[in-house]
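Now for the letters of each chain:
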Amino acid sequence: MIHPAAEAVLSYHEQTKHHMDRYARSLGYMDWKNQPDPFRRYEGVPRIALPLLSEDPPAGHHGLFEACRPPVPFGLTLIAGILELSMGLSAWKETAGSRWALRMNPSSGNLHPTEAHLVLPDMEGCPGGIYHYSPLHHCLERRAEMPADRWEPMRAHFGADGFLIGLTSIFWRESWKYGERAFRYCNHDVGHALAALRVAANLFGWRLTSLIDLSDDAIETVLGLKQTCFPSQDVEHPDLLGYIHPNVAAGLPRTLPEDAVAAFAAIPFQGVPNALSREHVGWEIIDQAAGNSRKPVTRGSIRRQPRRAWWPAEESSLSAAQIIRRRRSATAFDPREALSRRNFLAMIDRTLPRDGTAPFDVGLGEPALHLLLFVHRVADLEPGLYFFCRDESDLPDVRAHTRSGFLWEAVESGFPLYCLARGDFSRTAVMLSCHQDIAGSGAFSLGMIARFGETLRREPFRYRHLFWESGLIGQVLYLEAEAHGVRGTGIGCYFDDAVHEVLGLASDRFQSLYHFTVGRSLDDSRITTHPPYFHLSGR
């Protein structure tokens, strides 16, 4: 018998699908007077200004994903650098009297529902405590003290220096625009942020291990969410807790001792979170989905990923930090420009999980997503429909549940990319992506196909993790596009079952969770760009 929570989560997913004749419910217009504040603040607490990087880490393109240097010493400069290159601002944009911030981590609609919190030991320039990170001011807001006698058992538990980082989501930031489908997008953005943190840590010789066995209740306790009086509809919901530690340390525990979690419940938290809007529109279906996908304590094992050689790519002239800082979401593509076959294969190869390689070594579990590719303009590769299998143990099952007439021709020996059908699929891609031209005018677009129904019937909380995995993939594609002189953009609006029809999927065994497109970007000359922290005098 199906678990009631699993049934409810599956029902949410089904109800929030876009259809050719009906979109998922939303407000139906942009209520600009109630647009949520993109920046959370905790009023009435001490703030610690973080230093901005005087120079970027020296790693090249490959340093985004591979261990590239010995760990830099632990301290506030390290923490500030990781935050700046992951959750910080990347630029300000301005046109026609309007100004808005961009960030290093991507977000659906640039709405940024994801907040970051840190648990830090005592160090020079920063007393031990539990902090909220403010990307607007690049500072830490101290919500609680962390006595040394409570931190030392934590460090002993992990056996390595480091600090805890937690991610939370504010659903209203996304539902203001996207309505009931927003829960999906919030979880995309958790994956984007997680990948951004893991990659940024890599540039300093550090890494992030997800404490994936913890329950949501435990994360709420550690971050003080249970003790915080949030404004109505502006609640921060727990997502995950990770430990950032030197890259040389491996095999760390993926949980916290129960007594350590209980000790956080006795710590008094301070700070009043700001209200994000004057008025809100509630989406009960999102609250129900969040409740039914809450994570209990688990005792999972992590399958070690294989060691693979990288597909050879053309060398990027950009450093790893330049790639991170330049990342943007494209809004239009030049349909005359093609991507080289070599770089195309290298880009999708980067999405394969590898042992000890960012960001897929964070420990979310076995890979569950594959790529359905619409190839439009890739040199020396025929346009058509392709499938990239990120876990080849799934391949027989995928083939058994998709159209019998597909070719399944291997593009390269030993590489899990298969041609399903040849031809021009650009109009199909545009139609599937809610008639957005950008899905058909670039080099390629794709849908991320997840091993779905059976996964959720066993563990309903994995619904969120599947979207996190899609965000990890999305961030890799964003960075790879920048490295190779093109640009990507995530697409959350697509006609779910129409995508499944293209593949011939007749059940929920596999479902499409996130779309993405890559091409040569056309920039809008009317928009002025400002440096990320030009508003902070003296910084």
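In this text the structure is predicted, and so the values were computed from the model without any measurement. (Residues numbered from 1 in each chain as written. Predicted model: local features only at pLDDT ≥ 70, side-chain atom pairs only at ≥ 80, totals over all residues. Heavy atoms only, no water.)

Draft legend 1. Seen up close, the sheet that holds strand E12 (residues 369-375). Strands sit in the order E14-E15-E13-E12-E16-E18-E17 across an open sheet of 7 strands; the sheet is antiparallel. In this open sheet, the two strands that pair with only one neighbour each are strand E14 (409-412) and strand E17 (487-491). The sheet shows a mean angle of 30° between the axes of neighbouring strands, taken without regard to direction. As paired elements, E14 and strand E15 (residues 415-422) share 3 bridges and run antiparallel to each other. (Pairing = 2+ DSSP bridges. Helix = DSSP H or I, 4+ residues; strand = E, 2+ residues; numbered from the N terminus. Axes fitted to C-alpha atoms, helices over the stretch in contact; angles between N-to-C directions.)

Draft legend 2. Spatial organisation of unusual backbone geometry. Following Ala-358, the chain continues into Pro-359 via a peptide bond in cis, with omega recorded as -5°. Of note, the phi angle at His-138 is positive, near 45°, even though the residue is not glycine. Looking at where His-138 falls in the secondary structure, it is placed in the loop between strand E6 (129-134) and strand E7 (139-145). For Trp-408, which is not a glycine, the phi torsion comes out positive at approximately 55°. By the secondary structure assignment, Trp-408 is in the loop between helix H11 (395-401) and E14. For Trp-408, a relative accessible area of 9% translates into the label buried. (Buried < 20%, exposed > 50% of the residue type's maximum accessible area, 1.4 Å probe, protein only.)

Draft legend 3. Structural view of the sheet that holds strand E9 (residues 206-210). With respect to topology, 7 strands assemble into an open sheet ordered E2-E7-E6-E5-E8-E10-E9, the strand pairing being antiparallel. Each having just a single partner strand, strand E2 (47-49) and E9 make up the two edges of the open sheet. In this sheet, neighbouring strand axes are inclined to one another by 30° on average, regardless of whether the strands run parallel or antiparallel. Judged from the 3 bridges that link them, E2 and E7 form a sheet pairing that is antiparallel. When the sheet's bridge partners are listed, Arg-47 is paired in E7 with Glu-141.

Draft legend 4. The state of the cysteines, seen in detail. What the rule picks out here adds up to 1 disulfide. No disulfide involves Cys-139; its sulfur sits 11 Å from the nearest other cysteine sulfur, which is in Cys-126. We classify Cys-139 as buried; its relative accessible area is 4%. (Disulfide = S-S within 2.5 Å.)

Draft legend 5. Expanded view of the nonpolar core. The biggest cluster of nonpolar side chains holds 112 residues, and the ones touching the most others in it are Leu-140, Phe-344, Leu-373 and Leu-417. Contacts of Leu-417, omitting those with residues within four sequence positions, involve Phe-344, Leu-345, Ile-348, Leu-373, Tyr-386, Phe-387, Phe-388, Glu-409, Ala-410 and Val-411. (Core = buried A, V, L, I, M, F, W, Y, C linked by side-chain atoms within 4.5 Å. Contact = heavy atoms within 4.5 Å.)

Draft legend 6. Region of the structure containing the environment of Ser-215. Residue position: Ser-215 is located in the loop between E9 and helix H6 (216-223). With a relative accessible area of 10%, Ser-215 lands in the buried category. Here the alpha-carbon distance between Ser-215 and Ile-302, two residues 87 residues apart in the chain, equals 17 Å.

Draft legend 7. Quick look at helix H10 (residues 341-349). With 7 of its 9 residues buried, H10 lies for the most part within the structure. Along H10, the positions that sit buried rather than exposed are Asn-343, Phe-344, Leu-345, Ala-346, Met-347, Ile-348 and Asp-349.

Draft legend 8. Quick peek at helix H2 (residues 76-84). Most of H2 sits out of view: 8 of its 9 residues are buried. Residues of H2 that are buried: Leu-76, Leu-78, Ile-79, Ala-80, Gly-81, Ile-82, Leu-83 and Glu-84.

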